[in-house]
Amino acid sequence: MEPLTWTTDTTGRNLTTVDGVQVWRWQDASGRWGVTVNRDGSGPHVGYTGAGPDPDWDRLARWVARCVREAP
């Protein structure tokens, strides 16, 4: 699978698009991180969070996007 292209928007969020689903990733100073999708622009958010070493961002983005696409 080809690597995803991540860009930074004007608010500083790191974004990518997976099969039409926009996913953003975040990480804070305490070592927590996550990937999040806002399905229709108004909420709720769908995502995955964790802590520790940097995750495989592309894998998480693809997984969260798939969850959103397959949601009823």
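What comes next is a walk through the structure. Because the structure is a prediction, the values reported are computed rather than measured. (Residues numbered from 1 in each chain as written. Predicted model: local features only at pLDDT ≥ 70, side-chain atom pairs only at ≥ 80, totals over all residues. Heavy atoms only, no water.)

### Re the pattern of salt bridges
Within the structure shown, the criterion is met by four salt bridges. For D9, the salt bridge identified is with R13, shortest N-O distance 3.1 Å. On the accessibility criterion, R13 (32% relative accessible area) is partly exposed. Across the pair D19 and R69 runs a salt bridge whose closest N-O atoms are separated by 3.6 Å. Here D19 is found in the loop between β2 (14–18) and β3 (21–27), whereas its partner R69 is found in helix α1 (residues 57–70), with 50 residues between them in sequence. The class of D19 is exposed, set by a relative accessible area of 61%. Taking relative accessible area as the criterion, R69 reaches 39% and is therefore assigned partly exposed. (Salt bridge = Lys/Arg side-chain N within 4 Å of Asp/Glu carboxyl O. Buried < 20%, exposed > 50% of the residue type's maximum accessible area, 1.4 Å probe, protein only. Helix = DSSP H or I, 4+ residues; strand = E, 2+ residues; numbered from the N terminus.)

### Overview of the environment of G52
Relative to the elements of secondary structure, G52 occurs in the loop between β5 (45–51) and α1. We classify G52 as partly exposed; its relative accessible area is 37%. Along the sequence, G52 and S30 sit 22 residues apart, while their C-alpha atoms lie 9.0 Å from each other. The residues contacting G52, other than those within four sequence positions of it, are G31 and W33. (Contact = heavy atoms within 4.5 Å.)

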